[in-house]
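Now for the letters of each chain:
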Amino acid sequence: MFNKEIFATINLAHYFESAFTAEQVYRYLRIKLDRQTFDETLETLKRQNLIYEKHKALFTKDLEKAYQQKKIWSRDLFNRHKAYLWLIAKAPWVKYAALTGANAFESCKDKDDIDLFLITKKNRLWICYTLLVVVSKLSRKREILCLNYLVDEENLHFKQQNYYTAVQIMQMVPLFDNVFSRKLIEQNAWVFDFLPNAEPELPKDSFYVIKNGKQFLNGNGRLQLKFMAKLNYVVFQRYSQRLVKKYPDKIGAGIVLNEGVAKLNRVDHQDIYEKIYQNIHREIEESLSI
């Protein structure tokens, strides 16, 4: 049973032409397993030539070349737009920014966009989103920047709780590290129900660090707070009315909207990992005896 789950988790990365390290495989196992048993099982699979390790990544098929190419594309994409990402990090009311999706797993295609998760100040999310959309259009970066998930500092708890969301949270790559890395984990302790071996911390990679320093705007006057909260609500109402009219069948699944949450994925991926695991398990049953 352990062999099968380990093998399946390794194959999960290969479905996206990527690869997991041993640490990632252990983190994303769906069963509880002590680390010593995991390491011993991994060594057994290596001796049986069912898996091999190279560049600190685990492979079961001849996908090493594709994996290395995608990592190069992912890092090149980040480097090309690092200055623009720094601008986002400095934007008014942005408290936290992290790479998600293919960017976080370093499995980007040759021409890909940048998926970002942002945390904003309370009552500023929709103003901040509008500002970033306008700036991205003016700078001709709209096709590059994918602001697919924003929450404000009062809405860190994710209501959609499943394996897919747990993996997406735990694989976020912070562009600048602060207290919100810890707060995200604290507010979403349910992820460990799906990832019982995961450590309570997000990945850290110095390559992707951006120093945000002081933001461009500041101010907490009482009148300003009331005005901005009202403006945020008005902008939210306008956006939500437009999206509900345009994508009525996507609301509540891929698209989740309120004053402090903007989840804007028109394609809902919530069950994608379940389908992939079903395929993987079927392939294992048919072709391998582990």
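Everything numeric in this text was worked out from a predicted model, so none of it was measured.

Cut-offs and rules
Residues numbered from 1 in each chain as written. Predicted model: local features only at pLDDT ≥ 70, side-chain atom pairs only at ≥ 80, totals over all residues. Heavy atoms only, no water. Phe/Tyr/Trp six-rings, centres within 6.5 Å; stacked < 30°, edge-to-face > 60°. Helix = DSSP H or I, 4+ residues; strand = E, 2+ residues; numbered from the N terminus. Buried < 20%, exposed > 50% of the residue type's maximum accessible area, 1.4 Å probe, protein only. Lys NZ or Arg CZ within 6 Å of the ring centre and 35° of its normal. Expected span 1.5 Å × (residues − 1).

A. Quick look at the packing of aromatic side chains. A complete count under the given rule lists 20 aromatic pairs for this structure. For the ring pair phenylalanine 78 and tyrosine 208, a centre distance of 4.8 Å and an interplane angle of 75° mean the geometry is edge-to-face. Of this pair, phenylalanine 78 sits in helix α4 (residues 64–80) while tyrosine 208 sits in the loop between α10 (191–194) and α11 (222–246), and the two are 130 residues apart along the sequence. The two residues phenylalanine 78 and tyrosine 208 agree in class, both being buried. Measuring from ring centre to ring centre gives 6.0 Å for tryptophan 190 and phenylalanine 194, while their planes differ by 85°; the resulting arrangement is edge-to-face. Given a relative accessible area of 8%, tryptophan 190 falls into the buried group. Taking relative accessible area as the criterion, phenylalanine 194 reaches 28% and is therefore assigned partly exposed. These aromatic residues form a ring-pair network of at least three members: Trp126, Tyr129, Tyr233, Phe236 and Tyr239. Above the face of the tyrosine 277 ring, arginine 30 is positioned so that its terminal group lies 3.9 Å from the ring centre. We note lysine 183 situated over the ring of phenylalanine 180; from NZ or CZ to the ring centre the distance is 5.0 Å.

B. Broad picture of helix α1 (residues 2–14). Here α1 contains 13 residues, and its C-alpha end-to-end distance of 19 Å stays within 8% of the 18 Å for a straight helix at 1.5 Å per residue. Most of α1 is tucked away, with 10 of its 13 residues classed as buried. Buried within α1 are the following residues: Glu5, Ile6, Phe7, Ala8, Thr9, Ile10, Asn11, Leu12, Ala13 and His14.

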